[in-house]
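Structural features, examined
One-letter residues, chain by chain:
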Amino acid sequence: GKRKRLNTSVLYDSDDESEDSDTVVRKVFAKRHCIIDEDENSQEQQHDKTCPTENVSTSRRQKVFAKLEELAKCRGTQRCCSSENSEDSNDEAETEDERRWPPTPTEVSETDSGSMKDFIVEEDDDDSEHINGKNQPQQKELNTSYSKLLAYYVPYLFRCDHYVHFNRIVKAFLINSIDDTFLSSLYDGTRQKKYAQDMLLSLHYLDDRFIQPRLENLISRSRWKDRYRERVDCYPDARIILKNPENVSCQACELIRYCKFRVLLSGKLYNSRTLEADDFMSDDKQVLKVGSVCADRTRIYHNLKHFKYKLYMDCSSITVLDGVKDEPVKDTVERLFSQLEDSGWIQKRYNHLEDYMNDADNFQEEK
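Attention here is on the structure that accompanies the text. Please read all numbers here as calculations on a predicted model, not as lab measurements.

1. Here's the deal with the pairing of strand β1 (residues 237-249)
With 10 bridges connecting them, β1 and strand β2 (residues 256-266) associate as antiparallel partners. Bridge assignment links Asp 237 to a residue of β2, and that residue is Ser 266. The hairpin turn running from β1 into β2, its antiparallel successor, is six residues long, and Glu 254 in that turn takes a positive phi close to 60 degrees.

In structure tokens form, the structure reads like this:
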């Protein structure tokens, strides 16, 4: 089950801006006599500015209405009722909405003869804004429904794109496991072929879109000291062990806590791009006492921070176990990749990444 967290530990403050700020209104005196009420809001003052052209706009609308009524008698459809307030700006909105929603049989029958645009007279922008204000409730309902559709379908589209990036990364790691100069040649720009550039794009996508933003959020909403974060960054292996609680200073945030967890850090330092390991002080280890919140944050942060390196090490192990040497690199990579894909290994690793990202997102919401 998920660990419950107190509401009082929420560090996120969504009240970034105040909605009660006063708006400074500047008086604008028109050439013709228009009464300006200083006690009214800025929107009513904007409407007063259209007084010189209101009579012209009204006469134009009356002409449009008369033509629409004449059209309604001939066609006898429901569209004229909804078109009395139509203008050029509404025509664009209608065209966009018709692309979003499947046409109804009534709408199909309405469009097979003549266009409503022939009966609509262009009007001023001020008049368009006045009429559009009447249709705002319906437009809001439409936008809400459209947002729900996006929320339902877009994640699946993004998932497909993400999985394509992930497949390219696995192939890049398989190649680098055989030729250890491949990743360095990608980043220094030596390889310019399309497949290499696609792999480089996917590697950046993993770092810049998946991992780094979540790491920054985890740190920005924590009380971790820089020294502790640097330790977690340097050691690719971590174990969190439950011990007897001690009322001491947490070595992550340096606050007095009941520290019942020990974080054991170990492993070799490595290059974050080429993933080449550094043998300097390879046997070094760190044991740190932390509280429950910092222990949970350490687990989530470490999983994301070192996911790419762990994935590369898994790919390296697979190429070593394969043991085939008298085969072109391309053929070996394609063969191993097909085996991993058929066995579900790639999908399993991708699911791990999704779980780590979800843990980071949920942790941010609750903390």
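That covers the picture; the talk isn't over yet.
2. Thoughts on the packing of aromatic side chains
Counting across every chain of the model gives nine aromatic pairs. Ring plane angle 35 degrees and centroid distance 6.3 Å describe the contact between Phe 166 and Phe 307, whose orientation is recorded as tilted. One end of the pair, Phe 166, is in helix α7 (residues 136-178); the other, Phe 307, is in helix α12 (residues 307-322), and 141 residues separate them in sequence. You'll find Phe 166 and Phe 307 in the same group, each marked buried. Chaining the aromatic ring pairs together yields one cluster made of Tyr 163, Phe 166, Phe 307, Tyr 350 and Tyr 356. Over the ring of Phe 337 we find Lys 171; its NZ or CZ atom is 4.8 Å from the centre of that ring.

3. Some remarks on unusual backbone geometry
If you check the backbone angles, Glu 254 has positive phi at about 60 degrees while not being a glycine. One non-glycine residue, Leu 275, adopts positive backbone phi at about 60 degrees. Structurally, Leu 275 is set in the loop between β3 (269-270) and β4 (277-278).

4. Notes on the packing of α12 against helix α13 (residues 329-343)
It is at 12 Å that the axes of α12 and α13 come closest, and there the two elements cross at 110 degrees. Comparing their axes, α13 and α12 come out roughly perpendicular. For the pair α12 and α13, the sense of crossing is right-handed. The segment α12 lies against α13, with Ile 318, Thr 319 and Asp 322 engaging Thr 332, Arg 335, Leu 336 and Leu 340. The residue inventory of the contact of α12 with α13, partitioned by class, reads three nonpolar, two polar and two charged.

5. Section: the packing of helix α10 (residues 226-234) against helix α11 (residues 292-305)
Following both chains from N to C, one finds α10 and α11 inclined at 45 degrees, their axes separated by 9 Å at the closest point. By the criterion of interaxial angle, the relationship of α10 to α11 is oblique. Here α10 and α11 pass one another in a crossing that is right-handed. Of the residues in α11, those touching α10 at Tyr 228, Arg 229, Val 232 and Asp 233 are Thr 298, Tyr 301, His 302 and Lys 305.

6. Overview of the pattern of salt bridges
Applying the stated criterion to the full structure yields 15 salt bridges. For Lys 194, the salt bridge identified is with Asp 198, shortest N-O distance 2.9 Å. Here Lys 194 and its partner Asp 198 are both found in helix α9 (residues 194-220), four residues apart, which amounts to about one turn of the helix. Between Arg 335 and Asp 322 there is a salt bridge, with the nearest N and O atoms lying 3.0 Å from each other. Of this pair, Arg 335 sits in helix α13 while Asp 322 sits in helix α12, and the two are 13 residues apart along the sequence. On the basis of relative accessible area, Arg 335 is assigned to the partly exposed category, the value being 25%.

The rules behind these values
Residues numbered from 1 in each chain as written. Predicted model: local features only at pLDDT ≥ 70, side-chain atom pairs only at ≥ 80, totals over all residues. Heavy atoms only, no water. Pairing = 2+ DSSP bridges. Helix = DSSP H or I, 4+ residues; strand = E, 2+ residues; numbered from the N terminus. Phe/Tyr/Trp six-rings, centres within 6.5 Å; stacked < 30°, edge-to-face > 60°. Buried < 20%, exposed > 50% of the residue type's maximum accessible area, 1.4 Å probe, protein only. Lys NZ or Arg CZ within 6 Å of the ring centre and 35° of its normal. Axes fitted to C-alpha atoms, helices over the stretch in contact; angles between N-to-C directions. Parallel < 35°, antiparallel > 145°, perpendicular 65-115°, else oblique. Left-handed = near helix turned anticlockwise from the far one by under 90°. Contact = heavy atoms within 4.5 Å. Nonpolar A, V, L, I, M, F, W, Y, C, P; charged D, E, K, R; others polar. Salt bridge = Lys/Arg side-chain N within 4 Å of Asp/Glu carboxyl O.

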